[in-house]
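Chain and residue survey
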Amino acid sequence: MKLALSPSARVLLLLAAAPSLAGAAQHPLLRFVGQPNEHLGIAVDGAGDADGDGVADLIVGATDRNGASTSPGRARLYSGADGSLLHTFVGTDAGSAFGNAVSGAGDIDRDGFDDVMVGARYDDANGIFAGSVNVFSGRDGSVLHTFYGDSEGDRLGAAVGAAGDVDADGCPDVIAGAIFDSNKGFWSGSARVFSGRNGRILHTFDGDSAFDFLGTAVDGAGDIDQDGHDDVIVGADGDDDNAFDAGSARVYSGRDGAVLYTFHGVGAEAHFGHSVGGAGDVNGDGIPDLVVGAHGADGAQPGSGKAYVFSGADGSLLHELSGDAGDDAFGVSVSGAGDVDGDGLADLIVGADGDDDYGAQCGSARVFSGGDGSTLCTVFGDSLEDHFGFSVGGAGDVDGDGLADLIAGAWLDDANGADSGSVLVFSGFFARLILNPDPPAAGQPALLTAVGAEPGERIAFAASLAGGGPTPSFAGTLLLTPPVLALGTRAADLNGMATLDLSVPSTLAGRALWLQSGRSRAGTFDLSSPIATVIR
């Protein structure tokens with residue numbers, strides 16, 4: 001496409017005419033691939049800044065056939081800055097499923113580097129399948145704490161999470177689930193909160209009755225009751241209080257262990273509480289909120305799955321989110337995402353590893369606005385039976401753009417051999433243009449790519465030689481100064497990238513050039529951040 005002068009009105013018409021699919025899409029930042037049969041991505045989380053470079057890092061589990069092999073499993077800590085491997089943690093017990101659960105832990109040892117935790121639900125060190133949890137230093141990979149299940153078959157470490165500062169001692173604490181603990185009935189389940197400072201048990205929470213499986217999922221909730229102590233949320237996806245396996249989730253006080261809220265699933269086999277998360281402040285009231293997944297719930301269709309967002313202030317339902325089709329398993333994983341769209345409110349990510357939109361059980365992960373529950377971004381697995389979205393998490397600001405990024409795992413992806421698994425780190429906001437080469441050369445071709453669009457969505461491209469605006473318009477504030485050059489539209493590919501071929505006139509050498517792209521979404525306009533360059 002040649003750069004050619006056009007009236008600015010034509011740019012607005014291009015934007016208005018660009019059809020849009022529902023929701024925005026993602027910009028891939030990093031991708032990690034496992035070894036054959038490794039199941040990389042069975043668990044994922046943001047690790048905080050583990051190497052002290054100012055960029056958020058990532059922790060990923062790889063169980064090696066989920067404990068069925070003689071390998072103990074492993075977890076890998078990756079740099080968010082460049083994707084390099086910072087540490088590999090390896091289990092000590094063959095078949096322990098070390099890496100089945102991972103989490104950032106905060107700066108446990110207060111050395112200025114964030115630390116991580118890894119669960120091994122089948123660890124036999126304290127009895128067959130008693131389970132274990134290890135907390136590792138982000139700085140040097142050394143073991144800071146090891147916690148063991150106290151009875152055979154407990155499976156401590158089936159779920160792990162950062163608890164925040166539960167005892168208000170200035171040191172972050174951790175929480176772990178022991179889903180087959182039988183303190184209050186066979187497999188009633190339990191969850192324990194451990195001190196980050198000295199490893200002692202701060203709280204033990206037990207399921208009410210047999211087969212509740214309390215501890216299926218655990219996470220820090222933030223200071224829900226505003227008493228200066230961070231609180232926790234625990235799922236029990238086998239709880240039968242409302243119906244068979246309807247499930248439940250409880251929020252416990254970090255100060256004294258009292259139950260602050262109990263939420264119940266609706267309908268048999270909803271498995272409400274299979275995933276839980278602290279959601280951050282989604283409604284702007286200054287109090288952190290909660291998210292709970294129910295991957296077996298009837299949503300848009302039977303078994304499509306649901307996720308629920310609850311107010312931390314009063315327990316009221318803020319958003320009810322649903323999968324698109326039967327057996328999507330929407331809600332198999334949930335997490336707070338941080339502020340993805342820059343509106344000052346925390347957003348959410350929900351996995352649906354049974355999603356068939358791009359092939360049987362390719363899976364998906366969807367990012368939702370905390371403010372209004374609208375879809376900000378949907379990412380799909382790229383091949384059959386990837387089970388992308390089985391694990392999801394907030395990644396922190398990996399790319400340094402001031403917005404939160406996301407991480408999701410596809411533990412059965414065959415990208416590097418059977419069931420090698422893979423992990424994608426991505427930005428969830430349409431906000432970037434890439435010019436290649438930059439700066440472009442006069443009389444030479446160049447490529448202009450918009451990233452973060454929905455697959456198939458048409459993106460309009462525009463340019464100015466006169467300046468970077470701002471220019472008010474019905475499409476929003478163009479950061480281009482008239483006269484504007486309308487460059488055309490292109491459809492985004494499966495990865496959400498729309499690319500335009502440019503032919504830069506030889507007469508423009510030395511001229512400054514401003515570029516911007518946009519799209520139409522449900523009657524409104526979404527404009528990218530602009531870029532500026534000087535043609536060489």
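Residues numbered from 1 in each chain as written. Predicted model: local features only at pLDDT ≥ 70, side-chain atom pairs only at ≥ 80, totals over all residues. Heavy atoms only, no water.

1. What about the pairing of strand E15 (residues 231-236)?
Heads up, the rule is: Between buried and exposed lies partly exposed: a residue is buried under 20% and exposed over 50% of the maximum accessible area for its type, with that area taken using a 1.4 Å probe on protein chains only. Comment: elements are numbered from the N terminus, with helices defined as DSSP H or I runs of at least four residues and strands as E runs of at least two. Note on pairing: DSSP must find at least two bridges between two strands before they are called paired.
For E15, a buried count of six out of six residues is recorded, marking the element as mostly surrounded by other parts of the structure. Covered by surrounding structure in E15 are Asp231, Ile233 and Gly235 together with Val232, Val234 and Ala236, the residues of both alternating faces. Sheet topology places strand E14 (residues 214-222) next to E15; six bridges connect them, and they run antiparallel. Residue pairing in the sheet places Asp219 in a bridge with Ile233 of E15. Two elements, E15 and strand E16 (residues 248-252), share five bridges in a ladder whose sense is antiparallel. The residue bridging Gly235 from the neighbouring strand is Ala249, located in E16.

2. Digging into the nonpolar core
Basically, it comes down to this: Here, the term nonpolar core denotes a set of buried Ala, Val, Leu, Ile, Met, Phe, Trp, Tyr and Cys residues that are joined through side-chain atoms within 4.5 Å.
Among the nonpolar cores identified, the biggest contains 23 residues, and Leu433, Leu435, Leu448, Phe461, Leu487, Leu502 and Leu515 are the most heavily contacted of them. In this structure, Ile233, Tyr261, Ala270 and Phe272 belong to the second largest nonpolar core, which totals 17 residues.

3. Observations regarding the sheet that holds strand E6 (residues 98-106)
Selection criterion: For helices, the axis comes from a line fit to the C-alpha atoms of the stretch in contact; other axes are also lines fit to C-alpha atoms, and the angle between any two N-to-C directions lies between 0 and 180 degrees.
Spatially, four strands are ordered E6-E7-E8-E9 in an open sheet, and the strand pairing comes out antiparallel. Across the chains shown, the open sheet's two edge strands, defined by having one partner strand only, are E6 and strand E9 (143-148). Taking each pair of neighbouring strands and ignoring which way they run, the sheet shows an average axis angle of 20 degrees. Sheet analysis places strand E8 (residues 132-136) next to E9, joined by five bridges and oriented antiparallel. From the neighbouring strand, Val133 faces E9, where its bridge partner is Phe147.

4. Let's talk about unusual backbone geometry
That bond from Asp438 to Pro439 is cis: its omega, 10 degrees, falls within 30 degrees of zero. Tracing the backbone shows Pro439 in the loop between strand E29 (432-436) and strand E30 (445-451). Omega for the peptide link from Pro482 to Pro483 comes to 0 degrees, which places this bond in the cis form. Topologically, Pro483 is positioned in the loop between strand E33 (476-478) and strand E34 (484-491). With a phi close to 55 degrees, Trp187 is a non-glycine residue in the positive phi region. Along the chain, the position of Trp187 falls in the loop between strand E11 (173-178) and strand E12 (190-194). Residue Trp187 is classed as partly exposed on the basis of its relative accessible area of 27%. For Ala329, which is not glycine, the phi dihedral falls at a positive 60 degrees. Mapping Ala329 onto the fold places it in the loop between strand E21 (317-322) and strand E22 (330-338). Judged by its relative accessible area of 12%, Ala329 is buried.

5. Some details on the pattern of salt bridges
Here is the rule we go by: Take a side-chain nitrogen of Lys or Arg and a carboxyl oxygen of Asp or Glu: if they are within 4 Å of each other, that pair is a salt bridge.
Applying the stated criterion across every chain, the model contains 15 salt bridges. Asp64 serves as the salt-bridge partner of Arg74, at 3.2 Å between the closest nitrogen and oxygen. Of this pair, Arg74 sits in strand E4 (residues 74-78) while Asp64 sits in the loop between strand E3 (57-62) and E4, placing them ten residues apart in sequence. When the shortest N-O distance is used, the salt bridge between Lys306 and Glu320 registers 2.4 Å. Of this pair, Lys306 sits in strand E20 (residues 306-310) while Glu320 sits in strand E21, and the two are 14 residues apart along the sequence. Overlapping salt bridges bring together Glu38, Asp64, Arg74 and Arg76 as one network.

6. Quick look at the confidence of the model for the protein
Test applied: Confidence of the predictor at the level of single residues is given by pLDDT, which spans 0 to 100. Should any heavy atoms of two residues lie within 4.5 Å, those residues are counted as being in contact.
Per-residue confidence for the protein gives a mean pLDDT of 89, with 90% of residues at or over 70. The low-confidence segment residues 1-26 (pLDDT under 50) makes 84 contacts with residues lying over four places distant or belonging to another chain.

7. A few points about the packing of aromatic side chains
Just so we agree on the cut-off: Stacked, tilted and edge-to-face pairs are distinguished by plane angle, under 30 degrees for stacked and over 60 for edge-to-face with tilted covering the rest, among Phe, Tyr and Trp rings (Trp via its six-membered ring) whose centres lie within 6.5 Å.
Inspection of the entire model under this criterion finds 20 aromatic pairs. When the centroid spacing of 5.5 Å and the interplanar angle of 50 degrees are considered together, the rings of Phe180 and Phe213 count as tilted. Taken together, the positions of Phe180 in the loop between E11 and E12 and Phe213 in the loop between strand E13 (201-206) and E14 put the pair 33 residues apart, joining distant regions of the chain. Pair check on accessibility: Phe180 and Phe213 agree, each one buried. Here Phe272 and Phe310 contribute two aromatic rings whose centre-to-centre distance is 6.3 Å and whose plane-to-plane angle is 75 degrees, an arrangement assigned as edge-to-face.

8. Regarding the sheet that holds E20
Remark on secondary structure: sheet strands pair via backbone hydrogen bonds, oriented parallel or antiparallel. The strand order across the open sheet formed by four strands is E18-E19-E20-E21, and the pairing between neighbours is antiparallel. At either end of the open sheet lies a strand with only one pairing partner, and these are strand E18 (272-280) and E21. The mean inter-strand angle of the sheet, taken between neighbouring strand axes irrespective of direction, is 20 degrees.

9. Describing the pairing of E6
The buried fraction of E6 is high, at eight of nine residues. Here E6 runs beside strand E7 (residues 115-120); their pairing, made up of six bridges, is antiparallel. By the bridge assignment, Gly106 is partnered in E7 with Asp115.

10. A short note on the environment of Gly238
Structurally, the position occupied by Gly238 is in the loop between E15 and E16. For Gly238, a relative accessible area of 1% gives the class buried. Remark: the alpha-carbon pair of Gly238 and Ala268, spanning 30 residues in sequence, is separated by 9.9 Å.

11. Quick word on the environment of Pro72
If you trace the backbone, Pro72 turns up in the loop between E3 and E4. Sequence separation between Pro72 and Asp123 is 51 residues; the distance between their C-alpha atoms is 8.8 Å. When sequence neighbours within four positions are dropped, the list of residues in contact with Pro72 reads Val90, Gly91, Thr92, Asp93, Ala94, Gly95, Ser96, Ala97 and Phe98.

12. Observations concerning the environment of Phe136
Tracing the backbone shows Phe136 in strand E8. When the C-alpha positions of Phe136 and Gly104 are compared, they lie 9.8 Å apart, and in sequence the two are 32 residues distant. Residues in contact with Phe136, not counting those within four places in the same chain, are Phe89, Phe98, Asp115, Val116, Val118, Gly141, Ser142, Val143 and Leu144.

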